[in-house]
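# Fold and contact review
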Amino acid sequence: MLNEKENPYLAKWLNDDLDPKELEALKELPEYEDYKKIVEGLEYFTPPSFEVQSSLATTLGKIFEPKSKKVIRLRPIIYTLSAAASIALLIGVFFSKITYTAQPGERLVIQLPDESSVELNAASSLSHNRFFWTSNKEITLDGEAYFKVNPGKKFTVVTTYGEVAVLGTQFNVKSRTNEFTVGCYEGKVQVATHTQQQEVLERGEGVSLKNNNLVKETITGTEPLWKNRESLFNSAPLRNVLDELERQYKITFRRSTIDQEMLYTGGFNYDDLQIALEAVLVPMGIEYVINGKVVILSTSQ
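Our subject in this report is the structure included herewith. None of the values given here were measured: they were computed from a predicted structure. (Residues numbered from 1 in each chain as written. Predicted model: local features only at pLDDT ≥ 70, side-chain atom pairs only at ≥ 80, totals over all residues. Heavy atoms only, no water.)

## Some thoughts on the overall build of the chain
Selection criterion: Under the DSSP-based scheme used, a helix requires at least four consecutive residues in state H or I and a strand at least two consecutive residues in state E, with every element numbered from the N terminus. Throughout this description, buried means an accessible area under 20% of the type-specific maximum (1.4 Å probe, protein chains only), exposed means over 50%, and partly exposed covers the range between. A contact between two residues is defined here by any heavy atoms of the two lying within 4.5 Å. Accessible surface is estimated by sampling points in the Shrake-Rupley manner with a 1.4 Å probe; for residues, cover comes only from the protein chains shown.
Assigned secondary structure in the chain consists of seven helices and 18 strands. Counting the 301 residues in the chain, one finds 37% classified as buried. Counting only contacts in the chain whose residues sit at least 6 apart along the sequence, the fraction spanning at least 24 positions is 44%. As displayed, the chain offers around 17700 Å² of accessible surface, 50% of which is attributable to carbon and sulfur atoms.

## Here we look at helix H6 (residues 238–249)
Using the following cut-off: Expected span, for any helix, means 1.5 Å times one less than how many residues it has.
Taking 1.5 Å per residue, twelve residues should reach 16 Å; H6 reaches 16 Å between its end C-alpha atoms and fits that length. Of all the positions in H6, only Leu-238, Asn-240, Val-241, Leu-242, Glu-244, Leu-245, Glu-246, Arg-247, Gln-248 and Tyr-249 are classed as buried. The positive-phi residue at the C-terminal boundary of H6 is Lys-250, with phi of around 55 degrees.

## Concerning the layout of surface pockets
For clarity, the cut-off: Residues are called lining when one of their atoms sits within 4 Å of a cavity or pocket point, these points coming from a 1 Å grid over the protein atoms alone, where a cavity is a set in which a 1.4 Å probe fits but cannot get out and a pocket is an open set with protein on both sides within 12 Å along at least five of seven lines. Grid points are joined across faces, edges and corners, and a volume is the space filled by probe spheres set on the points. Polar here means any residue outside two lists: the nonpolar Ala, Val, Leu, Ile, Met, Phe, Trp, Tyr, Cys and Pro, and the charged Asp, Glu, Lys and Arg; Gly therefore counts as polar.
Taken as a whole, the largest pocket holds about 1300 Å³ of empty space. Forming the walls of the largest pocket are 41 residues, and the residues nearest its centre are Thr-181, Ser-208, Glu-217, Leu-232 and Phe-233. When residues of the lining of the largest pocket are traced back to their parent elements, those giving at least two are strand E8 (170–176), strand E9 (179–186), strand E12 (205–210), strand E13 (213–218), strand E14 (230–237), H6 and strand E16 (263–269). Tallying contributions element by element places E14 first for the lining of the largest pocket, with eight residues. Residue classes in the lining of the largest pocket are distributed as 14 nonpolar, 17 polar and ten charged.

## Thoughts on the sheet that holds strand E17 (residues 286–291)
Note the following rule: At least two DSSP bridges between two strands are needed for those strands to be called paired. Interaxial angles span 0 to 180 degrees and are taken between N-to-C directions of axes, which are lines fitted to C-alpha atoms, for helices over the stretch in contact.
Strands sit in the order E15-E18-E17 across an open sheet of three strands; the sheet is mixed. The sheet is open, and its two borders are formed by strand E15 (252–254) and E17, each paired with just one other strand. Put simply, the sheet's adjacent strands are angled 25 degrees from each other on average, direction ignored. The pairing of E15 with strand E18 (residues 294–299) spans three bridges and is parallel. By the bridge assignment for E18, Arg-254 is matched with Ile-296. Its contacts with the sheet put H6 on E15, E17 and E18, and the angle it makes with E15 is roughly 140 degrees. Along the sheet, helix H7 (residues 273–281) makes contact with E15, E17 and E18, crossing E17 at roughly 155 degrees.

## Some thoughts on the nonpolar core
This is how it is decided: To form a nonpolar core, buried Ala, Val, Leu, Ile, Met, Phe, Trp, Tyr and Cys residues must be joined to one another through side-chain atoms within 4.5 Å.
The biggest cluster of nonpolar side chains holds 27 residues, and the ones touching the most others in it are Phe-147, Phe-155, Val-164, Phe-171, Val-182, Val-189 and Val-191. Breaking this core down by element, the ones donating at least two residues are strand E3 (117–120), strand E5 (138–148), strand E6 (154–158), strand E7 (162–167), E8, E9, strand E10 (188–193) and E12. Counting residues per element, this core draws most heavily on E5, which supplies four residues. If we skip the residues at most four places from it in the chain, Phe-155 touches Leu-112, Asp-114, Ser-116, Trp-133, Lys-137, Ile-139, Phe-147, Val-149, Val-164, Ala-165 and Val-166. Of all hydrophobic cores here, the second largest spans 26 residues; its members include Tyr-146, Tyr-185, Val-241 and Leu-297.

This is the structure:
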């Protein structure tokens, strides 16, 4: 009943994005009155913090616990439990999140409920509320993504290290292990870390988290290099460079015998693994052997 693909108007209605013609079409559906009652009821509902299954099991145990000198009519109870389970299921659907994941070696383009677009870099994931977008415009990002936000649209990108508040802009967010960077390519964004540091970025400005401090930077170009299938590093730990190679080429490094804290300046493209490995490893004095999807690293003698 609540399948977005079968009912293209439902998600937009819950996000308050229907135009008048679409709203009239939705009202023609036989289920409209049921949807309306559920949504009106949910306005006064706070999602429970307990597990529905365990709570239901406890309730069932209490209901069917033997009691002396009492006759229990099972049919009404079963009907009541069935209705309660259905309501719990509906509530779960309404408050669920939708998650998109770009696997290693791939990129994924997503359209948000307000028709802004996001391009996920390899090995990244993004999630947001399935419904009720207008009341909770919050996106969770793990990895790297480039956002194109329609003018007048506003939401917040939440990461492990901080949040980025946007309003009609184009920007890039990278939140990886030990890495957090934001670059603004159009408009304006506000970056706030969990340690209460804030910076407002305009076009051509970026920020990186270094030693727990936000450092403002200048960025060039009209979009991040990864959208053109390239990565560039400036005095970055070799560990981070190898991580990016793994994400873009779907490979795994065996790296325990090398110094991963060496600083690397340079870059590689995503079109040829052999050339990319040579661009990174040869200047660092590291030898490699490719064994299928595993690359074994060792220090040159």
